[in-house]
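Structure at a glance
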Amino acid sequence: MAQATLLLPPRTRLVGQALPADVARALGRADRAAGEAGEHAQLRRHFQLVPDHWPVAALTRQRDARDAAGALWLRADPARVSPDMNGARMLAYGEALALGDEDTAQLLPALKPLFGDAGMLLDAPDPARWYLRLPPEAKLPVFAPVNDVLGDDLFAHLPEGEAGRRWRALLSEAQVLLHNHPWNAQRVAQGKPPVNSLWFWGGGVLPDFVRTGFRQVKGNDVLLQSLAHAAGVEPVHASGEGGVDALIDLRHLRNLDLLCRDALQPLLDALHKRELDVLTLDFEDGALFALRREQRWRLWRRPMQRLDTLRPDHVPA
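Here's what I pulled together on the structure shown here.

1. Brief notes about the packing of helix α1 (residues 21–29) against helix α9 (residues 256–272)
Put simply, α1 and α9 touch, their axes get as near as 10 Å, and they point 60 degrees apart. Taken together, α1 and α9 sit at an angle that is classed as oblique. In terms of crossing hand, the pair formed by α1 and α9 is left-handed. Between α1, through Asp22, Val23 and Ala26, and α9, the contact on the second element is made entirely by Cys260, Leu264, Gln265 and Leu268. Across the contact of α1 with α9, the residue classes break down as five nonpolar, one polar and one charged.

2. Structural notes on the layout of surface pockets
Approximately 1,200 Å³ is the volume found for the largest pocket. Mapped by element, the contributors of at least two residues to the lining of the largest pocket are α2 (39–44), α3 (56–65), α5 (146–149), β8 (197–205) and α8 (222–230). Across the lining of the largest pocket, the residue classes tally to 16 nonpolar, nine polar and eleven charged. Looking at the second largest pocket, its volume works out to about 240 Å³.

3. Topic: the packing of aromatic side chains
Counted by the stated rule, this structure contains six aromatic pairs. Aromatic pair phenylalanine 115 and phenylalanine 200: ring centres 6.0 Å apart, planes at 80 degrees, arrangement edge-to-face. With a gap of 85 residues between them, phenylalanine 115 in helix α4 (residues 101–116) and phenylalanine 200 in strand β8 connect regions that are remote in the sequence. As far as burial versus exposure is concerned, phenylalanine 115 and phenylalanine 200 are alike and both buried. An aromatic cluster is defined as three or more aromatic residues linked by ring pairs; in this entry it consists of Phe115, Phe143, Trp167 and Phe200.

4. Some points on empty space enclosed by the protein
Here the structure, examined in full by the defined rule, presents one cavity of 30 Å³ or more. The volume enclosed by the largest cavity comes to roughly 30 Å³. Lining the largest cavity are Phe143, Leu158, Pro159, Trp167, Arg168, Leu171, Trp199 and Phe200. Elements represented by at least two residues in the lining of the largest cavity include exactly α6 (161–179) and β8. Among the elements that make up the lining of the largest cavity, the one with the highest residue count is α6 (three residues). When the residues that make up the lining of the largest cavity are grouped by side-chain class, the tally is seven nonpolar, no polar and one charged.

5. Overview of α3
Within α3, eight of the ten residues are buried, which leaves it mostly tucked inside the rest of the structure. Among all positions in α3, only Val56, Ala57, Ala58, Leu59, Thr60, Arg61, Gln62 and Asp64 are buried.

6. Points about the packing of α4 against helix α7 (residues 182–189)
Axis separation between α4 and α7 bottoms out at 9 Å; the angle between their running directions is 145 degrees. Of the residues in α7, those touching α4 at Glu102, Asp103, Gln106 and Leu107 are Trp183, Asn184 and Arg187. Each residue belonging to the contact of α4 with α7 can be placed in one class, and the counts come to two nonpolar, two polar and three charged.

7. A closer look at unusual backbone geometry
Glycine aside, residues mostly have negative phi angles, and peptide bonds mostly take the trans form. In this chain, valine 50 is followed by proline 51 through a cis amide linkage whose omega measures -5 degrees. As for its placement among the helices and strands, proline 51 is situated in the loop between β3 (48–50) and α3. One non-glycine residue, arginine 66, lies in the positive phi region at around 60 degrees. Note that arginine 66 resides in the loop between α3 and β4 (72–84). Phi is positive for arginine 274, which is not a glycine, with a value near 65 degrees. Considering the arrangement of structural elements, one finds arginine 274 in the loop between α9 and β13 (278–283).

8. Comments concerning α1
Those residues of α1 that sit buried are Val23, Ala24, Ala26, Leu27, Gly28 and Arg29. The elements touched by buried residues of α1 are β2 (31–34), α9, β13 and β14 (287–291).

9. Details of the nonpolar core
If you look at the biggest cluster of nonpolar residues, it comprises 54 residues, and the most contacted ones within it are Phe115, Trp130, Leu132, Trp199 and Phe200. Residues contacting leucine 132, with those up to four places away along its chain left out, are Leu72, Trp73, Leu74, Ala76, Phe115, Met120, Leu121, Leu122, Trp167 and Phe200. In terms of nonpolar packing, the next biggest core, distinct from the first, is built from 33 residues, Ala2, Ala24, Ala26 and Ala270 among them.

10. Thoughts on the pairing of strand β7 (residues 129–134)
A large share of β7 lies buried, amounting to five of its six residues. One ladder, built from four bridges, connects β4 with β7; its direction is antiparallel. Paired with leucine 74 across the two strands is leucine 132, which belongs to β7. Inspection of the sheet shows strand β6 (residues 121–126) paired to β7 by four bridges, in the antiparallel sense. Residue pairing across strands places aspartate 126 opposite arginine 129, the latter belonging to β7. Taking the residues that link successive antiparallel strands as the turn, the β6-β7 hairpin has two residues.

The rules behind the values
- Residues numbered from 1 in each chain as written.
- Predicted model: local features only at pLDDT ≥ 70, side-chain atom pairs only at ≥ 80, totals over all residues.
- Heavy atoms only, no water.
- Axes fitted to C-alpha atoms, helices over the stretch in contact; angles between N-to-C directions.
- Helix = DSSP H or I, 4+ residues; strand = E, 2+ residues; numbered from the N terminus.
- Parallel < 35°, antiparallel > 145°, perpendicular 65-115°, else oblique.
- Left-handed = near helix turned anticlockwise from the far one by under 90°.
- Contact = heavy atoms within 4.5 Å.
- Nonpolar A, V, L, I, M, F, W, Y, C, P; charged D, E, K, R; others polar.
- 1 Å grid on protein atoms, 1.4 Å probe; cavity = no way out; pocket = protein on both sides within 12 Å on 5 of 7 lines; lining within 4 Å.
- Points joined across faces, edges and corners; volume = space filled by probe spheres on them.
- Phe/Tyr/Trp six-rings, centres within 6.5 Å; stacked < 30°, edge-to-face > 60°.
- Buried < 20%, exposed > 50% of the residue type's maximum accessible area, 1.4 Å probe, protein only.
- Core = buried A, V, L, I, M, F, W, Y, C linked by side-chain atoms within 4.5 Å.
- Pairing = 2+ DSSP bridges.

Structure representation (C-alpha cells):
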C-alpha cells in the first residue's frame, strides 16, 4: 500500500486565507482523530524506541559521530542568554549562533577541565551540538528540552532539588568562563552573538533499536534524521512531493497557501489517480487527518473552510 504522511506544524502557525475548494472538500470528508500534542508526541507516533525512552542526545550523537553506544549522553548546547529584570533569557542556541570549527577550537578548551574534573568528557563533533559523555549508570535530574527554554527565563527551567544542585553549579561556572573568554569579545566585535551559556538536555543512552513503518524519511531536522538513521532508513532532502511509504517533514512551513499548492494538491491528485492509497496529515497540535480516494462518496460531509475550525479533541462521527 502506497502511503504518505506529512509532519506539519500546529495549525495556528499556518497563516493564510480559506482553504482551496478541493482541499476543503477532502479534509471535510477525511477520517479525523486526536493525538497527543507536542513535537515529542508527534515524532513518537511514527518511531518506536526499545526500550521506550527518548534520549535525544544519544540519538543525535550517533548520527554526528557514530560512537554513542556504551555511554550516557547529554547535550550541552552552546547558547546566548541576555539578562533582564527577572533573571536571564535564552535568545538563541545551537545552529542559530552560526558557529564554526574555529569557535569550538577556541571555546571548548576553556570548558573541558571544568567538566573533566566532574568526570565528564565534553566535545563537539558538530559546532552546533555539544555533548557530555557520562558513564551509562550515571543518574541525571530532569532537564527541560531546549525549545521549551528558548525565549524564556533560563532560571525558571533549571533542574530542581538536590539532584539538580551539581548541574546548576556547573552551568554557573560555565557561564563565568564563557563570559570572560576573549573569543566572545572578538565575536561581538565582528557582529556575531556571544556564546555565554550552555543548556543541558536530552540525556540518555542509545536505544537497543528503533522501528518505523516508513521506507523513506524526507526532512532536514537533525532529530528526525537521527531517528531515521537509527531505524535503518536513509533520510533524504525534504520535498513536498509524494512517495511510497514516505514520512515528509513540513513543520517548517508557516504559509497555508504554500502548503496547499505545493504539497496537498499534488498529493490529492496522486490519491485520485490511485498512485497513493492513504495520505495522513499529522499536525503538531495533535489533529490527525487520514485521506483516502473512496472518501469522495461522503457527500454529506461539509467542506472544511478553515483548519482551525476543528479542535484536536473533536472527532466527528
